[in-house]
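Below are the chains, spelled out letter by letter.
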Amino acid sequence: MAITVKPLDAPLGAEIIGLDARNITPEDSKTIFDAFLKHHILVLHDQHLTDAELVEFGKCLGPIEKSRFISPLSGRDDIMVISNIREDGKPMGQLPDGEMSFHFDRIHQKQPCRAAALMAIEIPKEGGDTLFSNMVLAYATLPEETKQKLVGKTALNRFTYGATAPDMRDNAGPQCVHPVARTIPQTGEKSLYVCRLMTDHIEGMDPDESRKLIDELCDHAEDPRFVYAHQWKVGDIVVWDNRATMHARTDFSETERRLMKRVTIGDDQPPIP
Ligand code: OGA
Ligand code: MN
């Protein structure tokens, strides 16, 4: 059966209907990649994949990247477990707790990942939604004067593994300079590439002015008119283009279990202006 791509009633995203993610033909794979470029995030329901099947599915979008941390809940180095489940007080997954500020995954690296696919296995009754902002739309709607100000600008992005809020950034941690607006090679679209969690400063700018501009850009990009909030159901997979979207997470209770598995898809070049 042919699969259907149904745009969400949201500023970005489409649902993929009629697909069993365990069984993907080369035609499906092309449909998925084209929809990914066009809609920036993809939502699939009722998928209950094994780790190996999730990794196979991820290959529709590009080469698989390894996880830094192997979780006992998977045992594989190509699956990132995101969970608050603890054993003897020790987290069994990454990003265990609560709210997370908006960020791009691995923006502190020279060649950040292209995409990720996250699957829900256990979810809290309330909260723990993932928010996605359309950074192509955010860039396009900036005042012309601001766009001009961003021409040729680069920013330093920092990370502490496990950081979920800007005040957890580590000045000595891994860091990388990237363009403030990047072009997505396959579409030629421009995307705003700064975020609350990880962007530290704009290079060559007065520190106060830089902070003011980053805050202004983040306030703009986090506006609900660019954001889709995904409320998870078990068996959902959400794929995001990590170049054209940033994401955040709403709070949830530490007394409830949340278990997600992620496959990360690498890119073939660093961000270009
Ligand atoms: C991630 C991430 C958000 C979530 O996997 O990179 O930010 O909802 N996850 O757990
Ligand atoms: Mn993330």
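Structure's up top.
Residues numbered from 1 in each chain as written. Chains lettered and ligands numbered in written order. Predicted model: local features only at pLDDT ≥ 70, side-chain atom pairs only at ≥ 80, totals over all residues. Heavy atoms only, no water.

**Topic: the nonpolar core**
Step number 1: With 31 residues, the main nonpolar core has V180, L192 and L217 as its most contacted residues.
Step number 2: Those elements that place two or more of their residues in this core are α3 (135-140), α5 (207-221) and β18 (245-249).
Step number 3: The dominant element in this core, judged by the number of residues it contributes, is α5, at 5 residues.
Step number 4: Not counting residues within four places of it along the chain, the set of residues in contact with L217 comprises L142, T146, L150, V180, L192 and V194.
Step number 5: Within the second largest apolar cluster, 30 residues are counted, among which are L44, V55, M92 and V239. (Core = buried A, V, L, I, M, F, W, Y, C linked by side-chain atoms within 4.5 Å. Buried < 20%, exposed > 50% of the residue type's maximum accessible area, 1.4 Å probe, protein only. Helix = DSSP H or I, 4+ residues; strand = E, 2+ residues; numbered from the N terminus. Contact = heavy atoms within 4.5 Å.)

**Examining the sheet that holds strand β12 (residues 175-179)**
Step number 1: Strand order in the open sheet formed by 3 strands is β12-β11-β15, with antiparallel pairing between adjacent strands. With partners counted over all chains shown, the strands left at the sheet margins are β12 and β15 (199-202), one partner each. Taking each pair of neighbouring strands and ignoring which way they run, the sheet shows an average axis angle of 30 degrees.
Step number 2: With 3 bridges joining them, strand β11 (residues 154-158) and β15 adopt antiparallel strand pairing. Looking at β15, one finds that N157 is bridged to T199. (Pairing = 2+ DSSP bridges. Axes fitted to C-alpha atoms, helices over the stretch in contact; angles between N-to-C directions.)

**Thoughts on the site of ligand 1**
Step number 1: The full set of residues close to ligand 1 is I82, L95, M100, H103, D105, T130, W240, H247, R249, R258 and R262.
Step number 2: Within the side chain of D105, a nitrogen or oxygen atom sits 3.0 Å from an oxygen atom of ligand 1.
Step number 3: One of the side-chain N or O atoms of R258 is found 2.8 Å from an oxygen atom in ligand 1.
Step number 4: Notes on ligand 1: free accessible area 290 Å², of which the protein chains cover 99%. (Near = heavy atom within 4 Å. Polar contact = N/O pair within 3.5 Å; in protein donor to acceptor, adjacent residues only side chain to side chain. Areas by Shrake-Rupley, 256 points an atom, 1.4 Å probe, with all protein chains shown as cover.)

**Considerations on the sheet that holds β18**
Step number 1: With respect to topology, 4 strands assemble into an open sheet ordered β8-β18-β10-β16, the strand pairing being antiparallel. The open sheet has two free edges, formed respectively by β8 (100-103) and β16 (227-230), since each of these has just one partner strand. Across this sheet, the average inter-strand angle for adjacent strands is 15 degrees, counted without regard to direction.
Step number 2: Across 5 bridges, strand β10 (residues 130-134) lies against β18 in antiparallel orientation. Bridge pairing in β18 places S133 opposite M246.

**Some points on the side chain of N84**
Step number 1: With respect to the helices and strands, N84 occurs in the loop between β5 (80-83) and β6 (86-87).
Step number 2: Look at N84 and you get buried, because its relative accessible area is 8%.
Step number 3: Within the structure, N84 has its side chain in polar contact with the backbone oxygen of E256 (distance 2.6 Å).
Step number 4: In this view, N84 contacts P96, D97, F252, S253, E254, E256, R257 and R258; residues no more than four positions away in its chain are not counted.

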